Amino acid sequence: GPSLLLAQLSMHSKWTMRVAFALLLLWAGLSFQRSHVYKDNYEFFTQMLNFNPDSYVGNNSMGVVQFEAGNARLAEEYITRAHKIMPLHPTAASNLAQLFFISGQYGRVQTELEPLLKNPEFVKNKVANPDSLNKMFKFVARSQALQGRLVDSNASYCEYMKLDPWDRDAAGEFEKLI
């Protein structure tokens, strides 16, 4: 980063070494001063969204902050906004599914995740990393089982097992649900 560049410059002469050192001190001071601007994640993501209201990261992260604060309604608004900004990104879809699962809205878990998991561009082209896909299939399978859709749940667990055949606990989880 900047300190390596300054170190390279300082090797040329005493004058450049002094200038490089002064710039390094200025950079360090500004960094230290800026580090105290945000007292918590809420403040940080509020500022991010003030600067760019269409930020995927800002909206999704603010949704997580709201969820952690116990405000599920606002969490859903922010995460839904992030999901609309980048519909094929797995994180917002997975966060929405978790929010719905925890609140017992199992049908909404499937509404969010099943279209993505049936989308060949999403699954086959590995838009999502394997861990995200695993998590999504497990949420769908659990929500289907809790709704009594055991055949669908079994199919979702089979898809999950194709992605992670070494997860020995998955079969036990499925058996507990049925």
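Structure shown above.
Scope of this entry: the structure provided in the associated data block. Fair warning: this is a prediction, and the values are worked out from it, not measured in the lab.

1. Quick notes on the overall build of the chain
When its secondary structure is counted, the chain shows 11 helices and zero strands. The secondary structure elements of the chain, listed N-terminal to C-terminal, are α-α-α-α-α-α-α-α-α-α-α. Scored against the burial criterion, the 178 residues of the chain give a buried share of 34%. Considering only intrachain contacts with a sequence separation of at least 6, the fraction spanning at least 24 residues in the chain is 44%. Counting only carbon and sulfur atoms, one obtains 59% of the accessible surface of the chain, whose full area is about 11300 Å².

2. Observations regarding the packing of helix 3 (residues 41-51) against helix 4 (residues 56-68)
Relative to each other, helix 3 and helix 4 sit at 150 degrees, their axes nearing to 9 Å. Our classification of the angle between helix 3 and helix 4 gives roughly antiparallel. Helix 4 is crossed by helix 3, and the crossing has left-handed handedness. Contact residues: N41, Y42, F45, T46, M48 and L49 in helix 3; V57, G58, N59, S61, M62, V65 and Q66 in helix 4. Class assignment of the residues belonging to the contact of helix 3 with helix 4 gives a composition of seven nonpolar, six polar and no charged.

3. Considering the nonpolar core
Among the nonpolar cores identified, the biggest contains 24 residues, and V109, L113, L117, F122 and M136 are the most heavily contacted of them. Elements that contribute at least two residues to this core include exactly helix 5 (72-85), helix 6 (90-102), helix 7 (106-117), helix 8 (120-123), helix 9 (130-146) and helix 10 (150-163). For this core, the element with the most residues is helix 6, which contributes seven residues. Listed in part, the five residues of the second largest apolar core include F45, L49, V65 and Y78.

4. Some remarks on the pattern of salt bridges
For the structure shown, the criterion picks out four salt bridges. As a salt-bridge pair, R73 and E77 come within 2.6 Å of each other at their nearest N and O atoms. In this pair, R73 and E77 are both assigned in helix 5, four residues apart and thus about one turn of the helix distant. Taking the shortest distance from any N to any O, the salt bridge between E114 and R149 comes out at 3.5 Å. A residue pair is termed long-range when its members are at least 10 positions apart, and E114 in helix 7 and R149 in the loop between helix 9 and helix 10 qualify at 35 residues. For E114, a relative accessible area of 17% corresponds to the buried category.

5. Overview of helix 6
Between the first and last C-alpha of helix 6 there are 18 Å, a value that for 13 residues agrees with the 18 Å anticipated at 1.5 Å per step. A large share of helix 6 lies buried, amounting to 10 of its 13 residues. Considered for burial, the residues of helix 6 that qualify are P90, A92, A93, S94, N95, L96, A97, L99, F100 and F101.

6. Quick look at the packing of aromatic side chains
In the structure shown here, the tally under the stated rule is three aromatic pairs. Arranged with centres 5.0 Å apart and planes meeting at 75 degrees, the rings of F44 and F45 form a pair that is edge-to-face. On the basis of relative accessible area, F44 is assigned to the partly exposed category, the value being 33%. A residue is classified by how much of its surface remains accessible, and F45, at 12% relative accessible area, is buried. Centre to centre, the rings of F101 and F139 are 5.4 Å apart; their planes meet at 65 degrees, and the pair counts as edge-to-face. Of this pair, F101 sits in helix 6 while F139 sits in helix 9, placing them 38 residues apart in sequence. According to the relative accessible area criterion, F101 is buried, its value standing at 19%. Every member of this aromatic cluster is reached through a ring pair, and the members are F101, Y106 and F139.

The rules behind the values
Residues numbered from 1 in each chain as written. Predicted model: local features only at pLDDT ≥ 70, side-chain atom pairs only at ≥ 80, totals over all residues. Heavy atoms only, no water. Helix = DSSP H or I, 4+ residues; strand = E, 2+ residues; numbered from the N terminus. Buried < 20%, exposed > 50% of the residue type's maximum accessible area, 1.4 Å probe, protein only. Contact = heavy atoms within 4.5 Å. Areas by Shrake-Rupley, 256 points an atom, 1.4 Å probe, with all protein chains shown as cover. Axes fitted to C-alpha atoms, helices over the stretch in contact; angles between N-to-C directions. Parallel < 35°, antiparallel > 145°, perpendicular 65-115°, else oblique. Left-handed = near helix turned anticlockwise from the far one by under 90°. Nonpolar A, V, L, I, M, F, W, Y, C, P; charged D, E, K, R; others polar. Core = buried A, V, L, I, M, F, W, Y, C linked by side-chain atoms within 4.5 Å. Salt bridge = Lys/Arg side-chain N within 4 Å of Asp/Glu carboxyl O. Expected span 1.5 Å × (residues − 1). Phe/Tyr/Trp six-rings, centres within 6.5 Å; stacked < 30°, edge-to-face > 60°.

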